[in-house]
Amino acid sequence: MLTCARRHIALAAPLRSFHFAAPRRRELFDPAAVERISEEVDVCIVGAGPAGLSAAIRLKQLEQERGKEFRVVVLEKGAELGSHILSGAVIEPRALTELLPDWLSRDDHPLKQPATSSTMRFLAKSFSFPIPHPPQMSNDGNYIASLSQFCAWLGNIAEELGVEVYPGFAGAGLVYCEDGKSIAGVRTNEVGLDRHGRMKETFEPGMEFRAKVTLIAEGAHGSLSKELINKFDLRRDSDPQTYGIGLKEVWRVDPSQYRPGEIVHTMGWPLDYRTYGGGWVYHMADGLVSLGLVIGLDYANPYLSPYKELQRMKHHPYFARLLSGSSTRVAYGARALNEGGLQSVPKLNFPGGALIGCSAGFVNIAKIKGTHNAMKSGMLAAEAAADVLTESSDGERNAPSNMSKYNAALRNSWVWSDLNEVRNLRASFNTPLGLWGGIAYSGLDSLFLKGRTPWTFRNRRRTTDAAHTEPAHLFKPIDYPAPQPPLSTDLLTSLALTGTNHAEDQPIHLRVRKDGVEDTTLRKDHVRRNMSEYAGLLQRACPAGVYEYTEDEANAEKEGWNGQKLVINSQNCIHCKLCDIKVPTQDITWTVPEGGGGPKYTIT
């Protein structure tokens, strides 16, 4: 099907003579002048993660049950299915069993390693000790797996059922109905523009997939989700979403240290008492171990480096022993994850479609799991979409689809119950209780109260993670140790393990932009504030080395401040979206790059 889609685009080329500009004189791309190929589909899903693929599979199941054909398209920005998917991952199979009751009998399923034990440890700088973990963190019946491989497997099932899955086609823009009040589908990104927005000889415009129902499943803090939430005021009755940054490595450990199915979560060192977060160790199948660190992006200290915190964590005696002998690191990655919980779930439906999975935010932070909830949300959205498609009369076909049934169904599902029980645990850390009070409250609530309280902690001030950042003069720079290979390495050595790649001569997908404005004045102000107030936070916070504030006396006057300017190494980007979330000035905008660009995860 992918070949067919590319053929459609190519057939349109003769209609646009300006595509064949002479090599020496490239014309600027004008989106208002381009003629786009438009495909009519029943459901367009943006994102081939657990939510999007579960929705697609469920729609095809309902197609068979109801005897009515649905054309279902899934757009995926990764070059291959699973290549942009990153997680721990321990998977609770509840939703999978509902979706594919026979999954265990399928020889090709990737859930090969059942969890065998689950413990928690508190780390001091040079020792550790076991501590009780909440009952929600029990992993009986769960599986340790690569979420990248899991999504590739789901994608194959979807294609077998007749879903059109298009890797390398990013959902770059929303298609609005003529009145601008509802969504009519999605536009894919342009291909063949240079970094100045001029059309190269290879230029092809994006396609429009006009859909009766559009489902957004692009993950945490996606660009289309942000636009929809703002456009339709979907957070009117909910708190702002808050996030953590998860950094992960996969190691092939020495056989003497390998304990298949073992799960360990950690608290404490290397993070200080003001910073929310914790680590994990998951013993996967085939001698592999997933380990990493999640840090709440509400951290205050702009000198903190998530990457360097992970590197020094591995020098703790517990980790150093685990990674001793013949152990070898084979993968690295990072991504943002939702931490806001139930209070931050927005209204899920908008005119013409709905938000599913991490686009809405269904991570159970106490369980440190979200795949089961994401999948179930996709399934419920598919059922609501199938009802819309089968129940609409001829006179209603041009009206925007009403997906309010999905909004109601999810609130009556076990997803809502799952999140409701733990709604106050993460939120308690941002109350006057503070970090230690949050730990005490979380223990009491998870062990005894189990969410059965008349109160819900709310973010009444609507404070974002960026707003939690405090000025640098309140802190001392953190003295991180130098890398000590092979246990710890510099960032660029780790980055090479992500396989990330973006064509060099393409539009930058990370822009200094605010309220639609993008100019040298804004860029100069960005450098001034971020350097003078926050000591250049982004150059430490980014886990891929994208941002640098460099000395450049000659050019700083044009777009910098005090002899310094901002350099964006967008080719390094691994699409974690930390910059868009955490920068105190809230003027970095992440958008999708040219199709297929980004990391190439396979075992993460």
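Please read all numbers here as calculations on a predicted model, not as lab measurements.

Trainee: Describe the packing of helix α8 (residues 371–391) against helix α9 (residues 404–411), listing the residues and the values that go with them.
Mentor: α9 packs onto α8 with a crossing angle of 145° between their chain directions and a minimal axis gap of 8 Å. Between α8 and α9 lies a crossing whose hand is right-handed. Facing α8, whose interface residues are Ser377, Leu380, Ala381, Ala384, Asp387 and Glu391, α9 presents Lys405, Tyr406, Ala409 and Leu410. Class assignment of the residues belonging to the contact of α8 with α9 gives a composition of six nonpolar, one polar and three charged.

Trainee: Let's hear about the pattern of salt bridges: which residues, and what values?
Mentor: A complete count under the given rule lists 35 salt bridges for this structure. As a salt-bridge pair, Arg26 and Asp505 come within 3.4 Å of each other at their nearest N and O atoms. With Arg26 in the loop between α1 (2–11) and β1 (38–46) and Asp505 in the loop between α12 (491–495) and β21 (510–512), this pair connects stretches of sequence that are 479 residues apart. The exposure class assigned to Arg26 is partly exposed, which follows from its relative accessible area of 27%. Its relative accessible area of 30% is what places Asp505 among the partly exposed residues.

Trainee: With reference to specific residues and values, describe the nonpolar core.
Mentor: Of all hydrophobic cores here, the largest spans 83 residues; its most connected members are Ile45, Leu215, Met403 and Tyr406. Per element, the largest residue contribution to this core is 11 residues, and it comes from α8. Leu322, Tyr332, Leu510 and Leu538 belong to the second largest nonpolar core, which has 62 residues in total.

Trainee: Explain the sheet that holds strand β4 (residues 113–114) to me, using residue names and the numbers behind them.
Mentor: In a beta sheet, neighbouring strands pair by backbone hydrogen bonds and run either parallel or antiparallel. Read across the sheet, three strands follow the order β3-β7-β4 without closing on themselves; strand pairing throughout is antiparallel. In this open sheet, the two edge strands, each paired with only one partner strand, are β3 (90–91) and β4. Examined bridge by bridge, β4 and strand β7 (residues 143–144) share two bridges and lie antiparallel to one another. By the bridge assignment, Gln113 is partnered in β7 with Ile144.

Trainee: So what about the packing of aromatic side chains? Which residues, and what values?
Mentor: Summed over the entire model, instances satisfying the criterion amount to 13 aromatic pairs. Here Tyr307 and Tyr332 contribute two aromatic rings whose centre-to-centre distance is 5.7 Å and whose plane-to-plane angle is 90°, an arrangement assigned as edge-to-face. Taken as a pair, Tyr307 in helix α6 (residues 306–313) and Tyr332 in strand β18 (residues 328–338) lie far apart in primary sequence, 25 residues in all. Assigned by exposure class, Tyr307 and Tyr332 land together as buried. By the ring-pair criterion, three or more aromatic residues cluster together here, those being Phe122, Phe127 and Phe129. The side chain of Lys577 reaches across the aromatic face of Trp590, ending 4.7 Å from its centre. The cationic tip of Lys582 hangs over the ring face of Tyr299; the distance from NZ or CZ to the ring centre is 4.3 Å.

Trainee: Help me get a handle on the pairing of strand β6 (residues 128–131), residues and values and all.
Mentor: Summarising the sheet, strand β5 (residues 117–123) and β6 pair through four bridges and their orientation is antiparallel. When the bridges of β6 are listed, Arg121 appears paired with Pro130. Between β5 and the antiparallel strand that follows it, β6, lie four residues.

Trainee: If you had to explain the sheet that holds strand β16 (residues 277–283) to someone new, which residues and values would you point to?
Mentor: The strand order β6-β5-β15-β16-β17-β14-β18 describes an open sheet built from seven strands, whose pairing is mixed. In this open sheet, the two edge strands, each paired with only one partner strand, are β6 and β18. Averaged over all adjacent pairs, the angle separating strand axes in this sheet is 20°, with direction ignored. As paired strands, strand β15 (residues 262–268) and β16 are joined by four bridges and run antiparallel to one another. By the bridge assignment, Ile263 is partnered in β16 with Tyr282.

Trainee: Report on the state of the cysteines, specifying residues and quantitative values.
Mentor: Covalent bonding between the sulfur atoms of two cysteines defines a disulfide. Under the counting rule described, the total for this entry stands at zero disulfides. In this structure Cys151 is not part of a disulfide, and its nearest cysteine sulfur, from Cys358, lies 11 Å away. Not engaged in a disulfide, the cysteine Cys573 finds its nearest cysteine sulfur in Cys579; these two sulfurs lie 6.4 Å apart.

Trainee: Before we move on, can you summarise the side chain of His265 with the specific residues and values?
Mentor: Position of His265 relative to the elements: it lies in strand β15. Taking the relative accessible area as the measure of exposure, His265 reaches 3% and is therefore buried. Of the polar contacts made by the side chain of His265, one reaches the side chain of Tyr282; its length is 2.8 Å. Excluding its chain neighbours within four sequence positions, the residues that come into contact with His265 are Thr119, Met120, Arg121, Met137, Gly279, Trp280, Tyr282 and Ile368.

Cut-offs used in this document
Residues numbered from 1 in each chain as written. Predicted model: local features only at pLDDT ≥ 70, side-chain atom pairs only at ≥ 80, totals over all residues. Heavy atoms only, no water. Axes fitted to C-alpha atoms, helices over the stretch in contact; angles between N-to-C directions. Helix = DSSP H or I, 4+ residues; strand = E, 2+ residues; numbered from the N terminus. Left-handed = near helix turned anticlockwise from the far one by under 90°. Contact = heavy atoms within 4.5 Å. Nonpolar A, V, L, I, M, F, W, Y, C, P; charged D, E, K, R; others polar. Salt bridge = Lys/Arg side-chain N within 4 Å of Asp/Glu carboxyl O. Buried < 20%, exposed > 50% of the residue type's maximum accessible area, 1.4 Å probe, protein only. Core = buried A, V, L, I, M, F, W, Y, C linked by side-chain atoms within 4.5 Å. Pairing = 2+ DSSP bridges. Phe/Tyr/Trp six-rings, centres within 6.5 Å; stacked < 30°, edge-to-face > 60°. Lys NZ or Arg CZ within 6 Å of the ring centre and 35° of its normal. Disulfide = S-S within 2.5 Å. Polar contact = N/O pair within 3.5 Å; in protein donor to acceptor, adjacent residues only side chain to side chain.

Structural measurements only, silent on function.
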